[in-house]
Amino acid sequence: MIMVAAALAVTILLILCMENLAQPRLRRRPILRRISLLSAMPFVVFFITLLMVSYRPIFSATATLITFSGIVIANNAKYAILREPLVFSDFRLVREAINHPALYVRFIGLWKILGVTAAAILSVAGAVMLEPPLDVRNHPDDFLPAIIYLATVLGLLYAIIRGPLRSTFVALLRKFGPTANVTEDVDKLSLVVCLIFYFFLAGEPDRAPATPAVPSRKLAQGTRPAFHGFLKERGPDIVAVQAESFFDARRLDQGIPRDLLGEFDRCAAEAAYSGRLTVPARGYTMRTEFAFLSGLPNAALGYHRFNPYLQLCKQPIWTVAQMLRGL
């Protein structure tokens, strides 16, 4: 038990130290603060889970620290490029990172990736080969405590994520005062806590109703309900061509001939509006497309801004239909 307590204490202390390295750092953040326990709690659960499975405290501590360091490295690399911390929806891109590693390696850094990977392999191999388990489990009954623990944790996770405890848990999260501004929240609440908060809050309706109750008879008269409080009159039809591989290369260098894109300039001259478009996020095709198609500012989406199509799918079908007809 002394070894377990020591390994857990060292893990918590190092996590709090590494948490202080997560970007952005808008203000001085003491290692020990009111949010510290909440910040370390997810990895305490992670440590205990590994311990119950392996009965190896040093292995559990090392694997926990490597996992957390990987999250911090990915967060800081993203913030350096896109000026936005890691958010829950970024984990949907893990498959893309596997399929197209060159797109991500250059931003995170080859040596950082190799270092984390080597540390993970060596720690797992070293723990299995060199660290003896606290107790040798030879009989099936010896695995009963681990089975009970895993069943309890999985049951609680299900109850919180999809079950009867979700609304209670979300109400508890709101008491910590998240602002939907991820840069401020990461600095105030810590990185991992924000990942958890936004995962739950982005799946919940905002406190204010997203759309006012509009009788269906008004829809027949051509009245389109507001989407998140914004009422738009029907405007002219717009044809948008999404050409992700095209851009005005003349912006790169003054030496590029100005008449390189003559037809493009002709189309721009004939258009009512032309020029560069400002969108609320960089590096996210989905969020850029949604901002362009809907015309909604980030403030209208709240926590849904990081995965806007999720909120669109949760709107009543008549709201979606009327919204799309007006675009």
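Preceding this section is the structure that the text describes.
Residues numbered from 1 in each chain as written. Predicted model: local features only at pLDDT ≥ 70, side-chain atom pairs only at ≥ 80, totals over all residues. Heavy atoms only, no water.

J.: Can you tell me about the nonpolar core, naming the residues and giving the values?
T.: In this structure, Phe-68, Leu-191 and Tyr-198 are the most contacted members of the largest nonpolar core, which totals 30 residues. For this core, the secondary structure elements donating two or more residues are α1 (2-19), α3 (57-82), α8 (166-174), α9 (182-189) and α10 (191-201). Take this core: its biggest share by element is nine residues, from α10. Setting aside residues no more than four positions away along its own chain, Leu-191 makes contact with Glu-19, Ala-22, Ile-71, Val-72, Asn-75, Leu-86 and Val-186. Residues Val-4, Phe-47, Leu-51 and Ala-61 belong to the second largest nonpolar core, which totals five residues. (Core = buried A, V, L, I, M, F, W, Y, C linked by side-chain atoms within 4.5 Å. Buried < 20%, exposed > 50% of the residue type's maximum accessible area, 1.4 Å probe, protein only. Helix = DSSP H or I, 4+ residues; strand = E, 2+ residues; numbered from the N terminus. Contact = heavy atoms within 4.5 Å.)

J.: Summarise empty space enclosed by the protein; cite the residues concerned and give the values.
T.: With the rule as written, the count across this model stands at three cavities of 30 Å³ or more. As a volume, the largest cavity reaches approximately 70 Å³. In terms of lining residues, the largest cavity is bounded by Pro-280, Ala-281, Arg-287, Phe-290, Ala-291, Leu-296, Pro-297, Asn-298, Leu-301, Arg-305 and Pro-308. Residue contributions to the lining of the largest cavity peak at three residues, all from helix α13 (residues 285-294). (1 Å grid on protein atoms, 1.4 Å probe; cavity = no way out; pocket = protein on both sides within 12 Å on 5 of 7 lines; lining within 4 Å. Points joined across faces, edges and corners; volume = space filled by probe spheres on them.)

J.: Can you lay out α13 for me, pointing to particular residues and giving the numbers?
T.: Listed in full, the buried residues belonging to α13 are Arg-287, Phe-290, Ala-291 and Ser-294. Around the axis of α13, the buried residues are gathered within 100 degrees of arc, so they sit on the same side. (Arc of directions from axis to C-beta.)

J.: Report on the side chain of Asn-75, specifying residues and quantitative values.
T.: Mapped onto the elements, Asn-75 comes out in helix α3. For Asn-75, a relative accessible area of 0% gives the class buried. A distance of 2.8 Å separates a polar atom in the side chain of Asn-75 from the backbone nitrogen of Leu-86. Once you skip the residues sitting within four places of it in the chain, Asn-75 turns out to touch Ala-22, Gln-23, Pro-85, Leu-86 and Leu-191. (Polar contact = N/O pair within 3.5 Å; in protein donor to acceptor, adjacent residues only side chain to side chain.)

J.: A description of a nonpolar patch on the surface should follow, citing residues and the corresponding values.
T.: Side chains of Val-124, Val-128, Met-129 and Leu-130 sit close together on the surface and give an oily, nonpolar patch of about 450 Å² of accessible area. You can see Val-124 is positioned in helix α6 (residues 110-130). Classification of Val-124 as partly exposed rests on a relative accessible area of 38%. (Patch = residues over 30% accessible without salt bridge, like charges linked within 9 Å, V, L, I, M, F, W, Y side chains within 5 Å. Areas by Shrake-Rupley, 256 points an atom, 1.4 Å probe, with all protein chains shown as cover. Salt bridge = Lys/Arg side-chain N within 4 Å of Asp/Glu carboxyl O.)

J.: Which residues make up the packing of α1 against α3, and what values go with them?
T.: Angle between the axes and distance between the axes are the two parameters that describe a pair of packed helices. Close contact between α1 and α3 brings their axes to 9 Å; oriented N to C, the two are set at 10 degrees. Relative to α3, the element α1 lies roughly parallel. Residue-level inspection shows Met-3, Val-4, Ala-7, Thr-11, Leu-14, Ile-15, Met-18 and Glu-19 of α1 in contact with α3, the latter providing Pro-57, Ile-58, Ala-61, Thr-64, Leu-65, Phe-68, Ser-69 and Val-72. In the contact of α1 with α3, the residues fall into twelve nonpolar, three polar and one charged. (Axes fitted to C-alpha atoms, helices over the stretch in contact; angles between N-to-C directions. Parallel < 35°, antiparallel > 145°, perpendicular 65-115°, else oblique. Nonpolar A, V, L, I, M, F, W, Y, C, P; charged D, E, K, R; others polar.)

J.: Give a description of the packing of aromatic side chains that names residues and reports values.
T.: Across all of its chains, the model carries six aromatic pairs by this definition. The rings of Phe-43, Phe-46 and Phe-68 are connected pair by pair, giving a single aromatic cluster. For the cation-ring pair, Arg-137 lies above Tyr-55, with the distance from its terminal atom to the ring centre recorded as 3.9 Å. (Phe/Tyr/Trp six-rings, centres within 6.5 Å; stacked < 30°, edge-to-face > 60°. Lys NZ or Arg CZ within 6 Å of the ring centre and 35° of its normal.)

Keep in mind that these numbers describe shape and distance, not what the molecule does.
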